[in-house]
Amino acid sequence: MTGASTADRAGRPIRVGLDVGGTKIDAVAVDPSGAIRGRLRRPTGWGDDAVVESIVTAVKALAEENGFPLADVGSVGIGIPGLVDAETGRVDHAVNLGVESLDLAVRAELALGVPFRVENDVKAAALGAAVLSGVAGSMAYLNLGTGVAAGIVIDGRIWRGARGTAGEVGHLSVDPRGRLCGCGQYGCVETFCGGGALAKAWGRPGTLPIRDIFDAADAGDPHAVSLRDDLHHGAAAAVRVLVLSADVERVVIGGGLTALGDRLENGLRAALHAGAEASPFMRSLRLDERIELLPAGSPAAAFGAALVGASTTEKEIVPHG
């Protein structure tokens with residue numbers, strides 16, 4: 001990894017964080033106190049050159065629209081899907097961006113002259129969620145979106161595991177007779193509560209298929225009721241796995257499906273209660289008291305990327321005012 005490692009370089013107080021998704025970049029500027037000074041969204045490019053260009057453009061636009069010079073930017077952190085080498089800033093297999101292998105940090109630094117750090121998007125979001133939710137000890141961030149993934153933060157640092165797969169609950173098989181998952185297994189957690197898998201199982205046209213499933217379930221459609229129950233069952237399974245495997249104090253839930261609000265949260269809590277009915281041990285874990293939904297539109301992912309960009313090697317979370 002290149003660039004500076006301290007949180008606030010002398011004379012360059014702004015930390016920028018970018019959450020780079022398949023269609024858009026969510027960018028935030030964070031001041032030395034940890035407050036978000038500005039935020040914007042920009043389209044994401046397709047392919048190596050376009051991804052780098054869209055990142056550079058987003059940083060420049062963020063500075064211009066929020067009234068600070070680019071020279072005030074001391075670091076930029078990027079959260080991006082794919083396999084990320086956090087030390088070198090290299091991204092591999094970011095298929096939704098048309099990227100097979102890209103030395104992202106090096107190329108972005110050359111374009112802007114600012115230190116960059118790169119992290120997997122869910123791990124970056126876990127850092128942001130930990131700070132925004134005020135968790136100082138251990139926390140798992142469960143991302144329910146098109147797919148399902150999680151990141152674990154312990155005492156302000158990302159816990160990666162031996163090979164970087166800590167928290168990969170989406171591809172834990174919970175029903176070997178269930179639906180085929182894109183990973184090749186059957187009945188993975190993601191097949192139950194991933195938005196893409198549910199939309200495929202629903203099989204009806206619509207711009208918001210998960211909301212359509214819930215609306216149809218409320219109207220009594222048996223197929224929709226089954227899929228809605230699957231979502232709650234799968235999310236509850238993910239929470240149980242995260243608590244039982246890492247004993248985190250809290251599971252913070254984010255991702256696109258949190259737009260469902262109480263419809264998701266109430267069903268998840270009911271599924272956790274139902275799963276604990278026959279088990280005094282599971283009841284003792286009080287899983288329903290350990291979950292929290294991020295508000296829809298939360299800047300956790302971009303904010304976490306800013307923390308990644310500003311982080312030292314000793315601790316990745318910095319204070320948030």
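Our subject in this report is the structure included herewith. (Residues numbered from 1 in each chain as written. Predicted model: local features only at pLDDT ≥ 70, side-chain atom pairs only at ≥ 80, totals over all residues. Heavy atoms only, no water.)

**Considering the environment of G156**
Secondary-structure assignment places G156 in the loop between strand 10 (148-154) and strand 11 (157-159). For G156, a relative accessible area of 6% gives the class buried. Remark: the alpha-carbon pair of G156 and T44, spanning 112 residues in sequence, is separated by 29 Å. (Helix = DSSP H or I, 4+ residues; strand = E, 2+ residues; numbered from the N terminus. Buried < 20%, exposed > 50% of the residue type's maximum accessible area, 1.4 Å probe, protein only.)

**A look at helix 1 (residues 48-65)**
Compared with the 26 Å implied by 1.5 Å per residue over 18 residues, the 26 Å span of helix 1 between its first and last C-alpha is a close match. Within the sequence span of helix 1, burial applies to V51, V52, S54, I55, V56, A58, V59, A61, L62 and A63. Directly beyond the C-terminal end of helix 1, a positive phi value near 75° is found at G67. (Expected span 1.5 Å × (residues − 1).)

**Some points on the sheet that holds strand 5 (residues 83-85)**
Read across the open sheet, the 3 strands follow the order 5-6-7; overall the sheet is antiparallel. The open sheet terminates on both sides in strands that have one partner only, identified here as strand 5 and strand 7 (99-103). Going from strand to strand, the sheet's axes swing by 5° on average, the running direction of each strand aside. For strand 6 (residues 90-94) and strand 7, the ladder comprises 4 bridges, and the chain directions are antiparallel. (Pairing = 2+ DSSP bridges. Axes fitted to C-alpha atoms, helices over the stretch in contact; angles between N-to-C directions.)

**A closer look at the sheet that holds strand 8 (residues 116-120)**
Taken together, the 5 strands give an open sheet; going across it, the order is 3-2-1-4-8, and neighbouring strands pair in mixed fashion. The open sheet is flanked by strand 3 (36-43) and strand 8, the only strands paired with a single partner. Here the average twist between neighbouring strands, direction ignored, is 20°. Of the strand pairs in this sheet, strand 1 (residues 14-20) and strand 2 (residues 24-30) are connected by 6 bridges, and their pairing is antiparallel. Across the sheet, residue R15 finds its bridge partner in strand 2, namely V30. Contacts from helix 1 reach strand 1, strand 2, strand 3, strand 4 (73-80) and strand 8 within the one sheet, and its direction differs from that of strand 3 by about 140°. (Contact = heavy atoms within 4.5 Å.)

**Considerations on the packing of aromatic side chains**
Aromatic ring pairs are defined here through the distance separating the ring centres and the angle between the ring planes. Within the structure shown, the criterion is met by 0 aromatic pairs. When the ring centre of W202 is taken as reference, the NZ or CZ atom of R204 above it lies at 3.9 Å. (Phe/Tyr/Trp six-rings, centres within 6.5 Å; stacked < 30°, edge-to-face > 60°. Lys NZ or Arg CZ within 6 Å of the ring centre and 35° of its normal.)

**A look at the pairing of strand 10**
Burial analysis of strand 10 places 6 of its 7 residues in the buried class, which makes it a mostly covered element. As judged from the 7 bridges shared by strand 9 (residues 138-144) and strand 10, these two strands associate in the antiparallel manner. Note on strand 10: the bridge partner recorded for A140 is I152. Linking strand 9 back to strand 10 in an antiparallel pair, the connection comprises 3 residues. In terms of strand pairing, strand 10 meets strand 11 through 3 bridges, oriented antiparallel. The residue of strand 11 that forms the bridge with I154 is R157.

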